[in-house]
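Here is how the chains run, residue by residue.
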Amino acid sequence: MCGIVGAVAERNVVEILLEGLKRLEYRGYDSAGVALLDKDGNLKRIRKVGKVKNLAEAVEGETALGTTGIAHTRWATHGGVTEYNAHPHFSSSRVAVVHNGIIENYVSLRKNLTEKGYTFSSDTDTETIAHVVHEMLNDGKSLLEAVQSAVTHFTGAYGTVVIDKEDPDKMVVARSGSPLVIGLGLGENFIASDQLALLPVTRRFIFLEEGDVAEVTRREVTIFDKTGARVEREIIESTVEHDAGDKAGYRHYMLKEIYEQPAVIRNALQDRVDNVHNIDALFGDGA
C-alpha cells in the first residue's frame with residue numbers, strides 16, 4: 001500500500017515530508033522519493049530504493065530545500081523495484097506527480113503520448129498522469145484546470161498530487177477510489193493518504209470525497225466535486241490518539257497487527273452490535 005505526503009508552506013517542508021513518510025511505513029513499501037519546489041521555482045527530485053531512512057540520508061547529503069513538496073512510498077505494481085520506477089514522476093522537468101492506485105488504461109495512454117513525442121523514463125502507469133497534465137498545461141490551462149481535464153482521461157483508481165514548476169505555490173490533488181486527506185495549518189496546508197502522516201503538524205482535516213479535485217495553497221483550500229462545482233467539505237478535528245505508525249514495542253508491524261486483532265474487531269463492532277442482538281445492517285436479515 002503506497003503512501004502520499006504533500007505540503008505547501010513558507011518554511012522548508014522537507015522534514016515534514018520525511019516524518020510523514022516514516023509514519024506511513026506500517027503500510028509496507030519498497031522505495032521512496034520526494035520532489036521539492038523552492039520559492040524560485042527550482043524543482044528537485046530525490047528517490048531511493050529501500051527504507052525511508054535511505055531517502056532521508058540522501059536528502060541530507062544533498063541539502064535539499066523546498067517550500068512546496070510531495071513525497072511517496074511505493075509498493076511496486078507496474079515495473080520492478082528500481083529507482084527510476086520510484087515516485088515522484090516528472091514530465092519535462094516541469095510537472096511532478098505522486099499517485100496511489102492503478103490507471104487501468106495506461107497502455108493506451110502511453111501509446112498515444114509516445115506518438116505525440118513524450119518520452120517515458122519508467123515502467124509505471126503513474127508517469128502517464130504527469131505527461132497528460134503536462135499536455136493540458138501546454139494547451140494554456142492552469143494547473144487546476146489541467147488536472148480537472150486530465151482526470152477525465154483516466155480509468156481506474158487514483159489518489160494523486162501534482163505540482164508545477166511554473167506555479168510553485170500550490171498543489172492540486174484528485175481523488176478517485178483512493179483516500180486523500182487535506183491537513184489545515186496556520187499559513188500552511190498539507191495533503192496525505194492517511195491523517196496519521198500529518199498529526200505532528202495539524203489536527204484539523206478535510207477528507208476528500210469520491211471525484212473531488214482540490215487546489216491547495218498556503219492560505220486556501222478550494223474543492224470541486226466530480227461535476228466541477230465548487231463545494232465545501234466538513235472540517236474535522238481529529239481526536240486520534242493511537243498512532244498506527246508506531247510499532248508499540250513489537251519487533252515488526254505484522255506482529256503488532258496480530259496482537260491488535262481483538263481491539264480492531266471490538267472497535268469495528270462498537271455501535272453496530274448491542275449486547276443481545278445483531279444489527280441486521282451489519283450481518284444481514286436473520287443473522
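Everything in this summary refers to the structure shown in the same document.

What counts, and at which threshold
Residues numbered from 1 in each chain as written. Predicted model: local features only at pLDDT ≥ 70, side-chain atom pairs only at ≥ 80, totals over all residues. Heavy atoms only, no water. Pairing = 2+ DSSP bridges. Helix = DSSP H or I, 4+ residues; strand = E, 2+ residues; numbered from the N terminus. Axes fitted to C-alpha atoms, helices over the stretch in contact; angles between N-to-C directions. Contact = heavy atoms within 4.5 Å. Buried < 20%, exposed > 50% of the residue type's maximum accessible area, 1.4 Å probe, protein only. Phe/Tyr/Trp six-rings, centres within 6.5 Å; stacked < 30°, edge-to-face > 60°. Lys NZ or Arg CZ within 6 Å of the ring centre and 35° of its normal. Parallel < 35°, antiparallel > 145°, perpendicular 65-115°, else oblique. Left-handed = near helix turned anticlockwise from the far one by under 90°. Core = buried A, V, L, I, M, F, W, Y, C linked by side-chain atoms within 4.5 Å.

With respect to the sheet that holds strand β15 (residues 235–237)
Phase 1 of the analysis: Here we have eight strands laid out as an open sheet, ordered β3-β2-β4-β1-β10-β9-β11-β15, and antiparallel in their pairing. Two strands lie at the open edges of the sheet, namely β3 (43–49) and β15, each paired on one side alone. On average, each strand axis in the sheet is tilted by 20° relative to the strand beside it, whichever way the strands run.
Phase 2 of the analysis: Pairing analysis gives four bridges linking strand β1 (residues 3–8) to strand β10 (residues 189–192), with the strands arranged antiparallel. Across the sheet, the residue bridging to V8 is N189, located in β10.
Phase 3 of the analysis: Strands in contact with helix α1 (residues 14–23) are β1, β2 (31–37), β4 (68–74) and β10; relative to β1, the strand with the most contacts, it is inclined by about 160°.
Phase 4 of the analysis: Contacts from helix α2 (residues 52–61) reach β2, β3 and β4, with the element oriented near 140° to β3.

Some details on unusual backbone geometry
Phase 1 of the analysis: Cis geometry is found at the peptide bond from H87 to P88, where omega equals 0°.
Phase 2 of the analysis: Structurally, P88 is set in the loop between β4 and β5 (89–91).
Phase 3 of the analysis: If you check the backbone angles, S92 has positive phi at about 55° while not being a glycine.
Phase 4 of the analysis: Position of S92 among the secondary structure elements: in the loop between β5 and β6 (95–103).
Phase 5 of the analysis: Here S92 falls in the exposed class, since its relative accessible area comes to 53%.
Phase 6 of the analysis: A positive phi angle, close to 55°, is found at S93, a residue other than glycine.
Phase 7 of the analysis: Within the secondary structure, S93 sits in the loop between β5 and β6.
Phase 8 of the analysis: Since its relative accessible area comes to 47%, S93 is described here as partly exposed.

As for the packing of aromatic side chains
Phase 1 of the analysis: Applying the stated criterion across every chain, the model contains two aromatic pairs.
Phase 2 of the analysis: Each ring, one from F154 and one from Y158, has its centre 6.0 Å from the other, and the planes form 80°; the classification is edge-to-face.
Phase 3 of the analysis: Of the residues examined, F154 reaches a relative accessible area of 10% and is grouped as buried.
Phase 4 of the analysis: Each ring, one from F205 and one from F207, has its centre 6.4 Å from the other, and the planes form 45°; the classification is tilted.
Phase 5 of the analysis: Look at F207 and you get partly exposed, because its relative accessible area is 37%.
Phase 6 of the analysis: Above the face of the F90 ring, R45 is positioned so that its terminal group lies 4.1 Å from the ring centre.

Examining the packing of helix α4 (residues 126–138) against helix α5 (residues 143–150)
Phase 1 of the analysis: Relative to each other, α4 and α5 sit at 125°, their axes nearing to 8 Å. The pairing of α4 with α5 is recorded here as oblique in orientation. Like other packed secondary-structure pairs, α4 and α5 cross with a definite hand, here right-handed. Only L143, A146, V147, S149 and A150 of α5 make contact with α4, whose side of the interface consists of V132, V133, M136 and L137.

Considering the nonpolar core
Phase 1 of the analysis: If you look at the biggest cluster of nonpolar residues, it comprises 31 residues, and the most contacted ones within it are L17, V34, L55 and V59.
Phase 2 of the analysis: Sorting the residues of this core by element identifies β1, α1, β2, α2 and β10 as the ones contributing at least two each.
Phase 3 of the analysis: The residues contacting V59, other than those within four sequence positions of it, are V14, L18, V34, I46 and A64.

So yeah, pure geometry; function would need other evidence.
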